[in-house]
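As a plain string of letters, each chain reads:
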Amino acid sequence: MITTKDLSIALQSLNRARSYATTIILTLGITLGALVTLFNLNYQLLAAPLPYPDEDRLYVVNGNLYQNKQLRLENNSQYPALVEIYKNDSFFESSALVYFWEDVVRNLSGSPRVNVSYVSPEYLQLAGAPLALGRQFNTDEGLDSRVPVAVISYQTWEQMFRRNPNVLEQSLQFGEVDFRIVGVTAKDFIEPQIYKQGRQTAVWLPWDFNDTQIERRNNWRGFLPFRMLTGKLKPGIDPASAGHELSTLMDAQYQAALAGRSSSVERSVEYRLTPFANKILADSTTRTLMVMGGTLVLLLIACANVTNLILSRAAKQQRTMAIQVALGAHKKHIFFALLCEIGLLMLGAALLSLLLALGSTEVVKMMAAEQIPRIQELTLNWQTLVFALLCALLLALFFSAIVSRQINYRALNQMLQSSGKGSGVQISPLIRKVLISSQVAMTSLLIVASLQIFLQANRLINQPFGFPLDSVQVMTLNIGNLRGAPTAEREGYLKAIRQRLLEHPKVQNASLSLNTPISISRPLWTTSLSHDASRQSPVMAKTTVVDENYLSILRMPLVAGRHINAAEFSDNNRMILVNETLAQQLEPSGEVLGKRFYWRGDRPYQVVGVVRNASLPGKKEPARLFVRGINVSYPLLVLKHKPHQPLSTTEINQEFAQVNRQYKVSELFSLEQARDLLLSNDRVSVWVTTALTIIALSLAAIGIFGVISYSVQLRRTELGVRLAIGARPATIFYHTLIDSLIPVVIGIALATLVVVPLALWLEQSEFSIETSLLGWLLPPLLIIGLTASVTLLSVWKIINKPAVYALRGTG
Amino acid sequence: MSKPILHMAGITKVFSTEEMETHALRGVDLSIYSGEFVSICGPSGCGKSTLLSILGLLDLPTSGSYQIEGTEVAQLTLSEAATIRNEKVGFIFQSFNLIDELSVYDNIALPLRYRRNSIPKSEADKKVKHCLEKVGMSHRASHKPNQLSGGQQQRIAIARALVGNPSLLLVDEPTGNLDSHNGDAVMEMLRQLNSEGTTLCMVTHDPRYADMAGRQLHLLDGQISAPQPIKEPHEMAL
Ligand SMILES: Nc1ncnc2c1ncn2[C@@H]1O[C@H](COP(=O)(O)OP(=O)(O)OP(=O)(O)O)[C@@H](O)[C@H]1O
Ligand SMILES: [Mg+2]
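The structure presented is a predicted model; accordingly, all values stated were derived computationally and were not measured. (Residues numbered from 1 in each chain as written. Chains lettered and ligands numbered in written order. Predicted model: local features only at pLDDT ≥ 70, side-chain atom pairs only at ≥ 80, totals over all residues. Heavy atoms only, no water.)

Asks: Before we move on, could you go through the sheet that holds strand 10 (residues 223-224) of chain B and cite the residues and values that matter?
Replies: Residues and elements named next belong to chain B. Spatial strand order, 6-7-8-3-9-10: 6 strands in an open sheet with mixed pairing. The open sheet has two edge strands with one neighbour each: strand 6 (89-92) and strand 10. Pairing of strand 6 with strand 7 (residues 168-172) involves 4 bridges; the strand directions are parallel. Within the sheet, the bridge partner assigned to Ile-92 lies in strand 7 and is Val-171. Across the sheet, helix 5 (residues 150-162) is in contact with strand 6 and strand 7; its angle to strand 6 comes to roughly 170 degrees. (Pairing = 2+ DSSP bridges. Helix = DSSP H or I, 4+ residues; strand = E, 2+ residues; numbered from the N terminus. Contact = heavy atoms within 4.5 Å. Axes fitted to C-alpha atoms, helices over the stretch in contact; angles between N-to-C directions.)

Here you go:
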């Protein structure tokens, strides 16, 4: 067996070949490091249990609305239904109401907007939230108790209170209520992000204080987003059948509430149980698994490089091996010596890979916190450690086996006898060709895939939106305790606010609205338009209330008709604008100008203009409806500011304060920021695919250069002879290039065999990935160009000197 | 006397390495006439192979003038040198230098393949077959070089050197790797070629073979020591 002596001999011999050892450890260490990082990430996502007690029994309950058996609203629940399920104890061991919202803290300077979650006391228990200070909510603070207490997150404590130990004596003001802080969650508490990836709660408040209006709380006909129920199923209860039973119960209530209203539409509700894990992961693992596939291919490309290096070294060590054989070494001795050396190298690579994985995991955590779920939990698992070492072991066995096969032990025996003449051991031409072909095939595959994703993402990133994005800021307004004030009064305030802003030196124009085509946190409001008062076959549309300035600030052009003007706004005119998609859906001809449709109430609205479709990246433009009006409960302001002079939250709040101190900026963003957020996934894709392509190409370049320069070195004398009998340098280059290109072309052909069926499948599959010609042609051209340069580099020393130098290579 | 096909004046060759400079040739003046058989001898390391390399444009001189058939060739580009090598010079090496992967036929045909103005296939075939016949190896055309004996390989090398009708045949120790029997046969073949009009310049250690040449040059420390009177080709010793 292998002894420590063998190991120390191997170490010494590697020490003498330091650049060889370094190259191998770096090549494999870096690529294995990438693979290990992604293994760790995917393991975390797919296999590691969620860090919550009985995580496999935790479910989210959300409502879906069906109209004529078609899904109309997803993840929107009836408020009373959630409360009823909460009170029903036949399915859940424990359940909790939760509502994800945001609000501004009024008693802190700058009135910061924070993520607020309204919860019943069980929520933090279900999540097993450990505390740094104080306590969780207790049962006295449950439903209908209206005790104003708050639990804050560790980050909030850190950022807003500078970790003041007396924070428990302080309070936070939301609206007109002061909430006494009773607890701070521990630093290591990772909130289950069941609502939205990357959203972290800053403050938990009791459910009672959520902003749902009183009349809506008992309305079975209203469907509301952001509110859901979470619960731990009793052991042995099947989630599907629980969902079924709950749906039946809730639908009965819904039908009762609908009773007496004549409608041709058949409506029903469904409440479904979704495991926490599914909610948290969503569909994020497709991409992380794809990137892991990419890194695996990188590792394989690197393996081809290393095979070449190890074989060349074995070829060089022939004489030493021959002497060992002559001195009585057996085949297995030679094999073990090889294994020792290779094993040490692989161990080095594995350690380096773990070190890199440790570092890159931190980088991934920083860069992709918004894109990848559960990323805060990420650390190197012991499973990852085992994976890295296992990879190293497999690689060591693989390389040793390959080298051992290449060594002809019988030839070794004869080598010394024939006075070192005869060709001994070289890397056989076949192996050289296989190395190049396989490397090229893998590189082509990886680059084709990367390039297609890159081009797709890049196309999205550079796609124009259909309207300019510069110099426009959007803000949502928090209205504090004005929630209960009369509509006319709130409308007056908003108009005054707009007027004040117009007088601000940086502001060019302002519009009161409900949403913009690019929305950040607000889901779009969906309503329907019908051709007749009976509301048969309604057409659904994303709806925005607008004033007369909206379209001109957003610079959304009209394709027909006109905008509603200021005078008409003040009247009670029933006028609407539609976008091209909606026009098409209302009338297949698209001719809707002047036509009347039923929206709300019993009098029709007339279409006065058709707005050109926006084109949001990667999304089909939905039907959009623009109705005149002011939303006084969830107001939104669109500001056109002077070029490069955006307003700050403080500046805007100062203006608001002049009108009414209750108005605060909740969220402020520019359209450009909204776009960047929308495209952040695509930017990550561009980043990852560029990195993969560059690494793959560099590895392939190094590998192909290694093999080709080795072949050229072996052919040195032969090329010298050819030069001597009158071959011109260009001719030599040309013939060498043809020789090198044969395995390259074979590799490209192999890749094509894999890629073409895959592409055909992808094009007709649901992914409907648009492939581009450039994406197909560029990789082979790149690789052929690479081979040409690498060949030139290899033969340069031969063809750029008088023939005699190559000829003398014999001696 | 006929015109010299090549003329060298003041040719020097310096090899510079990091540690030292080696003056392999220190001012060689030499003319070779059409149809001549010149032998070059001298002690090991005196610069014989270097001189032959420069004569055959395998290497460039450090200084001096070199004309082949009246054209200055001392400072040609590598590519131009290759063309001249291909058209005007034939080489025969001590170690044969055949290409193992190619058949005997293809080895011989190689110089024709590298011709700038390509030769029609049938004509090339005729030339190759003619040369094969000349060296008596027609029956081995499809063999690979390593299936042949040393003497046979050298004959193939001679055929390859002849196939392009060179004005000058450069030969570096053609018998060095051969036993005396094969060596004699090869020398006899060379002598025969010369008598048919081929100009020959040969480096050899063997005084017997050197004597076969019409003119013997002695190289000593990179200089030609004793220029010999030029005999007319037909006066050559047998
Ligand atoms: N590439 C080179 N670099 C440095 N020195 C060289 C080189 N080639 C030849 N020399 C030197 O030039 C001198 C002449 O070498 P050359 O090969 O011409 O000798 P030679 O007369 O052919 O010897 P031999 O009879 O042993 O073949 C020698 O001293 C040799 O060491
Ligand atoms: Mg010599």
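And the narrative resumes.
Asks: Give me the environment of A:Leu782: which residues, what numbers.
Replies: Take A:Leu782: it is sitting in helix 24 (residues 773-799). Classification of A:Leu782 by relative accessible area gives partly exposed; the value is 34%. (Buried < 20%, exposed > 50% of the residue type's maximum accessible area, 1.4 Å probe, protein only.)

Asks: Quick one: what's the story with the environment of A:Ile704, residue by residue and with numbers?
Replies: All names here are of chain A. Among the structural elements, Ile-704 can be located in helix 21 (residues 680-714). Ile-704 sits in the buried class, given a relative accessible area of 1%. Beyond its immediate chain neighbours, meaning those up to four positions away, Ile-704 contacts Gln-439, Val-440, Leu-786, Thr-787 and Val-790.

Asks: Give a description of the site of ligand 1 that names residues and reports values.
Replies: With respect to spatial proximity, the complete set of residues near ligand 1 consists of A:Arg808, B:Phe15, B:Thr22, B:Ala24, B:Ser44, B:Gly45, B:Cys46, B:Gly47, B:Lys48, B:Ser49, B:Thr50 and B:His205. Chains contributing residues near ligand 1 are chains A and B. Between B:Lys48 and ligand 1, the recorded distance is 2.8 Å, taken from a side-chain N or O atom to an oxygen atom. Those elements giving two or more residues to the shell around ligand 1 turn out to be strand 2 (21-33) and helix 1 (48-55) of chain B. Top contributing element to the shell around ligand 1 by residue count: helix 1 of chain B, with 3 residues. (Near = heavy atom within 4 Å. Polar contact = N/O pair within 3.5 Å; in protein donor to acceptor, adjacent residues only side chain to side chain.)

Asks: An account of the sheet that holds strand 5 (residues 71-72) of chain B is needed here, citing residue identities and associated values.
Replies: Residue and element names in this part refer to chain B. Within the open sheet, the 4 strands sit side by side as 2-1-4-5. Their pairing is antiparallel. The open sheet is flanked by strand 2 and strand 5, the only strands paired with a single partner. Two elements, strand 1 (residues 4-16) and strand 4 (residues 63-68), share 5 bridges in a ladder whose sense is antiparallel. For Leu-6, the partnering residue across the bridge sits in strand 4 and is Ile-68. In the packing of helix 1 onto the sheet, the strands contacted are strand 1, strand 2 and strand 4, and the crossing angle to strand 1 comes to about 125 degrees.

Asks: Describe empty space enclosed by the protein, listing the residues and the values that go with them.
Replies: This structure, assessed with the given rule, holds 9 cavities of 30 Å³ or more. Reported here for the largest cavity is a volume of approximately 90 Å³. What lines the largest cavity is a set of 15 residues, among which B:Val89, B:Gly90, B:Pro111, B:Arg160 and B:Ala161 lie closest to the centre. Here the lining of the largest cavity is composed, by residue class, of 7 nonpolar, 4 polar and 4 charged. Estimated volume of the second largest cavity: approximately 80 Å³. Contributing to the lining of the second largest cavity are 15 residues, with A:Lys801, A:Pro802, A:Ala803, B:Leu78 and B:Arg85 lying nearest its centre. No other element matches helix 2 (residues 78-88) of chain B, which puts 4 residues into the lining of the second largest cavity. In terms of residue class, the lining of the second largest cavity is made up of 12 nonpolar, no polar and 3 charged. (1 Å grid on protein atoms, 1.4 Å probe; cavity = no way out; pocket = protein on both sides within 12 Å on 5 of 7 lines; lining within 4 Å. Points joined across faces, edges and corners; volume = space filled by probe spheres on them. Nonpolar A, V, L, I, M, F, W, Y, C, P; charged D, E, K, R; others polar.)

Asks: Could you give me a rundown of the pairing of strand 6 (residues 149-152) of chain A, with the residues and numbers involved?
Replies: The two faces of a sheet get side chains in turn, since along a regular strand they alternate between them. All names here are of chain A. Neither face of strand 6 is open: one carries Val-149 and Val-151, the other Ala-150 and Ile-152, and all of them are buried. For strand 6 and strand 8 (residues 177-185), the ladder comprises 4 bridges, and the chain directions are parallel. Within strand 8, the position partnered with Val-151 by the bridge is Gly-183. Pairing between strand 6 and strand 9 (residues 203-206): 2 bridges, direction antiparallel. Each bridged residue has a counterpart across the sheet, and for Val-151 the counterpart in strand 9 is Trp-204.

Asks: Got a sec to walk through the pattern of salt bridges? Specific residues and values, please.
Replies: Residue and element names in this part refer to chain A. Per the counting criterion, the structure on display carries 30 salt bridges over all chains. Here Glu-270 and Arg-272 are joined by a salt bridge, their closest N and O atoms 3.1 Å apart. Look at Glu-270 and you get buried, because its relative accessible area is 18%. For Arg-272, a relative accessible area of 45% gives the class partly exposed. A salt bridge links Arg-675 to Asp-676; the nearest nitrogen and oxygen atoms lie 3.3 Å apart. Looking at Asp-676, the relative accessible area reads 32%, which means it is partly exposed. Within the structure, one salt-bridge network assembled from shared partners comprises Asp-54, Arg-57, Glu-93 and Lys-232. (Salt bridge = Lys/Arg side-chain N within 4 Å of Asp/Glu carboxyl O.)

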